[in-house]
Amino acid sequence: MDPTAMAWLGAGIGAGLAVLGAGIGIGRLAGPAMEGTARQPEAGGDIRTSMIIAAALIEGAAFFGLIICFFLQGKGA
Amino acid sequence: MLAVNLLSPNPGLAIWMTLTFLLLLFILRRFAWGTITSALREREERIDESIKSADRALAEAKEIQADNMKARREADQQAQAILREAREASEKIRSEEIDKTREAVQRMQEEARAEIEREKQGALAALRAEVADLAIGAAGRILDENMDGDRQRKLVDSFIQDLGTN
Amino acid sequence: MVLIACVAVLPLTALAGASPFAAAGDDEELDAVHHIADGYYLDFSPIPKIELPRIFLIRDSAGKLKLDFFGSTKRAVASGRYDVIFEDAAHSAAAEDHADDEASHDDGDHSDETVEQDDGHAEDDHAEDGQAAAGAGGHNSPLDGKLVPKDGELVIDFSITRHLVFVWIVAALMIWLFVGLARRYRRGVGRETAPRGMLQNSMEALITYVRDEIARPNIGAKADRYVPFLLTLWFFILFANLIGLLPLSVTSTANITITGVLAIFTFVVVQMSGTKDYWGHIFWPPGIPIFVKPILVPIEFLGIFIKPFVLAVRLFANMTAGHLVLLSLLGLGFTLKSVYGTGGGYAGASAGVLFALFIYLIEVLVAFLQAYIFVMLSALYIGAALEEHDHHHGDDHAHDEIPQIA
């Protein structure tokens, strides 16, 4: 297989996996956060803040993956 | 090519950016943030202060109200006490008056009774003396005159009759 | 209101922007990466590109440092002292090949077209990546390449880039806005009375938010000392993000160098405020068995550098990815047109604009969110560095580890 094609393939699959991971992570984070807010609406503000921070951290990890994919895409181009 | 361009740091730009940000930080710190944050703090302090003073005023008002209530209650109680005292005093005075009157009446009665007794005793004494005199007179008369039985009876009767009229 | 205006304007410009592309020819594609990447020009699409000054610090063959200044890339190339090198290996080889004849047949007036012609030859020479070159850099010009002095070596390229121009625009906007606001406060509006007007009210809300919700809870007693830094950081990132959403502008925060510098500022502030306890925790973590320490200390030490690195990458990647998605959706029309013809183009464009509008709204949220995250984490790191521990570390150690993960 052509290395360029391999690189593009790798970039595509990698981006998909990175987004998948981030999606699972944020989903697992948001579900209990909503539950917690529903149970204790008065703690909603705190829960939301820490949820956003945690989501940003998860997203940061996913972006690392995406950047590698970007490199691969660059190799392909 | 472009992806690499996107990810590769540019040292010249980094130096420009550092200078720009330092300058921005310096200018804003010197001419903006200080004034703004101190103004905000000042306003917050004043708002805080006015809230506190309002709280204080409210507390004071409440205290004054409580004082007023207390004073009124006390005055009420005092009035009640005075009323009760007055009633008690008047009651006492009345009963004392009654007692005194009763005593006086009693005393007067007793005095009257004693007077009557004395008068009676005096009268009795006088009577007794009279009776003795009369008895002596009667005895003298009896002794002076010789009298028979019938005359004696008549004499005694007339004596007793005398006694009765006296 | 500004936001509503932006949102309303975006689809219009997207449609308006479509016409020059369409006019340029059917084989030209919308290159999203090219629009986000830094460059040595300003591109206000319908009007021609404005080239920015090039400044080079070079060490010539005699070993002397020299500052070279040109009004534009065109002039720098025209001076004949610089070679254009494309970073792609294939292209750079091509550029090398053509460097000589470029110098020979272009003297005074060096225009874009000749360079593009050169690239046309390069594509012919390298047939296997001809398609890629047409896709990625159909408009290859010296602006897309790297200028390297023929005589001596390049020390630092101080050239003004368009991201730098927008950094300056943001900085100028901030200075104008906040020095003006400060004057207002000094006059007494907002100090003795309530703030007046939408601008002052909204800015004050943001300022108090940063101070009361970000700085104070995370830093603690010494928070007010760091508030100016955090405020500058916050407004810089926020304004750069938001200005990047305006049509015809570029997002200066979608540049790893710029976010990197911001993160380095945070890094320096954190290290400068580090207490003895902070360093102690890194180099001799307490409450941990001796044999674990050789493993933990390097991790903790690396953590010092990883934290700001992640900070920079997060902001950069978020802004870049958002704009890439936005531009890719806007390019849907062109893609479908080339595949399915005009009808597909219309369908793709209308769907793409709708999706782009949705992403655009998300990007407005992301602009605020990423500024918040950056400042929030900076405050968290500063707070962790300032923390004075009482010396029973057993239970509060778990709490210390949280920023570490970041």
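Note that this is a predicted model, so its numbers are computed, not measured. (Residues numbered from 1 in each chain as written. Chains lettered and ligands numbered in written order. Predicted model: local features only at pLDDT ≥ 70, side-chain atom pairs only at ≥ 80, totals over all residues. Heavy atoms only, no water.)

**Q** So what about the overall build of chain A? Which residues, and what values?
**A** Counting its regular elements, chain A contains two helices and zero strands. Taking 77 residues into account, the globule formula puts the C-alpha radius of gyration at 11 Å, and chain A, at 17 Å, lies well above it. By principal-axis analysis of the C-alpha atoms, chain A measures approximately 60 × 15 × 10 Å. Within chain A, the fraction of its 77 residues that count as buried is 25%. The contacts of chain A with a sequence gap of at least 6 include a subset with a gap of at least 24, amounting to 76%. Of the roughly 4,600 Å² that chain A leaves accessible, carbon and sulfur atoms contribute 71%. Of the side-chain charges in chain A, 4 are positive and 5 negative, and the distance between the mean point of each set is 3 Å. (Helix = DSSP H or I, 4+ residues; strand = E, 2+ residues; numbered from the N terminus. Rg over C-alpha atoms; globule rule 2.2 N^0.38 Å. Buried < 20%, exposed > 50% of the residue type's maximum accessible area, 1.4 Å probe, protein only. Contact = heavy atoms within 4.5 Å. Areas by Shrake-Rupley, 256 points an atom, 1.4 Å probe, with all protein chains shown as cover. Lys, Arg positive; Asp, Glu negative; His and termini not counted. Charge placed at Lys NZ, Arg CZ, Asp CG, Glu CD.)

**Q** Give a description of the overall build of chain B that names residues and reports values.
**A** The number of helices and strands found in chain B is three helices and zero strands. Along its sequence from the N terminus, chain B presents helices and strands in the succession α-α-α. At 63 Å, chain B has a C-alpha radius of gyration far larger than the 15 Å of a compact globule built from 166 residues. If one aligns the C-alpha atoms of chain B with their principal axes, the spans along those axes are about 195 × 30 × 15 Å. Looking at the 166 residues of chain B, the share that counts as buried comes to 16%. Within the structure as shown, chain B displays about 12,900 Å² of accessible surface, and the carbon and sulfur contribution to it stands at 56%. Mean positive and mean negative side-chain charge positions of chain B (26 and 31 charges, respectively) differ by 12 Å.

**Q** Any details on the nonpolar core? Residues and values, ideally.
**A** Core analysis: the largest hydrophobic core is formed by 108 residues, its most contacted members being B:Phe21, C:Phe178, C:Leu230, C:Phe235 and C:Phe236. It is helix H14 (residues 342–386) of chain C that contributes the most residues to this core, 18 residues altogether. Sequence-distant contacts of B:Phe21, defined by excluding residues within four places in its chain, comprise C:Phe229, C:Thr232, C:Leu233, C:Phe236, C:Leu262 and C:Phe265. Listed in part, the nine residues of the second largest apolar core include C:Phe70, C:Val77, C:Tyr82 and C:Val84. (Core = buried A, V, L, I, M, F, W, Y, C linked by side-chain atoms within 4.5 Å.)

**Q** Account for the interface of chain C and chain B, naming residues and giving values.
**A** Contacts between the two partners involve 60 residues from chain C and, on the opposite side, 39 residues from chain B. Carbon and sulfur atoms supply 75% of the area that chain C and chain B bury against each other, a total of about 4,300 Å² over both sides. Scanning the region where chain C abuts chain B turns up two salt bridges. Salt-bridge contacts for B:Glu44 lead to C:Arg211; the nearest nitrogen and oxygen are separated by 2.6 Å. Across the chain C-chain B interface, the total number found is eight residue pairs in polar contact (both at pLDDT 80 or more). With twelve residues, helix H7 (residues 162–187) of chain C is the largest single contributor of residues to the side of chain C that touches chain B. A breakdown of the residues in the side of chain C that touches chain B according to their chemical character gives 36 nonpolar, eleven polar and 13 charged. (Buried area = accessible area lost by both parts, 1.4 Å probe. Salt bridge = Lys/Arg side-chain N within 4 Å of Asp/Glu carboxyl O. Polar contact = N/O pair within 3.5 Å; in protein donor to acceptor, adjacent residues only side chain to side chain. Nonpolar A, V, L, I, M, F, W, Y, C, P; charged D, E, K, R; others polar.)

**Q** Account for the sheet that holds strand S4 (residues 65–70) of chain C, with residues named and values stated.
**A** Residue and element names in this part refer to chain C. Taken together, the three strands give an open sheet; going across it, the order is S4-S3-S7, and neighbouring strands pair in antiparallel fashion. Pairing within the sheet leaves two strands with one partner each, and these edge strands are S4 and strand S7 (153–157). Averaged over all pairs of adjacent strands, the angle between strand axes in this sheet comes to 30°, irrespective of strand direction. Judged from the four bridges that link them, strand S3 (residues 54–59) and S7 form a sheet pairing that is antiparallel. Residue pairing in the sheet places arginine 59 in a bridge with glutamate 153 of S7. (Pairing = 2+ DSSP bridges. Axes fitted to C-alpha atoms, helices over the stretch in contact; angles between N-to-C directions.)

**Q** Tell me about the pattern of salt bridges, residues and numbers included.
**A** Residues and elements named next belong to chain C. The tally for this structure, following the rule as stated, stands at twelve salt bridges over all chains. In this structure, aspartate 157 and arginine 54 form a salt bridge, with 3.4 Å as the shortest nitrogen-oxygen distance. Taken together, the positions of aspartate 157 in strand S7 and arginine 54 in strand S3 put the pair 103 residues apart, joining distant regions of the chain. Of the two residues, aspartate 157 and arginine 54, both sit in the buried class.

**Q** Residue-level account of the side chain of C:Gln271, with values.
**A** All names here are of chain C. Position of glutamine 271 relative to the elements: it lies in helix H10 (residues 256–273). Among the residues examined, glutamine 271 registers a relative accessible area of 16% and is labelled buried. Aside from chain neighbours lying at most four places away, what touches glutamine 271 is Tyr278, Trp279 and Ile304.

**Q** Pulling in residues and values, what's your account of the environment of A:Leu29?
**A** All names here are of chain A. Note that leucine 29 resides in helix H1 (residues 3–39). Classification of leucine 29 as partly exposed rests on a relative accessible area of 21%. For leucine 29, the contacting residues outside a window of four places in its chain are Met51, Ala54, Ala55 and Ile58.

**Q** Account for a positive patch on the surface, with residues named and values stated.
**A** A cluster of basic residues, C:Arg183, C:Arg186, C:Arg187 and C:Arg196, forms a positive patch on the protein surface. Of note, C:Arg183 is situated in helix H7. (Patch = residues over 30% accessible without salt bridge, like charges linked within 9 Å, V, L, I, M, F, W, Y side chains within 5 Å.)

**Q** Explain the interface of chain C and chain A to me, and be specific about the residues and the numbers.
**A** Each partner contributes to the interface: chain C provides 19 residues, whereas chain A provides twelve residues. Between chain C and chain A the total buried area reaches about 1,300 Å² when both faces are included, carbon and sulfur atoms providing 82% of it. The tally of links from chain C across to chain A stands at zero salt bridges. The interface formed by chain C and chain A holds two residue pairs in polar contact (both at pLDDT 80 or more) in total.

Purely geometric numbers; function is a separate question.
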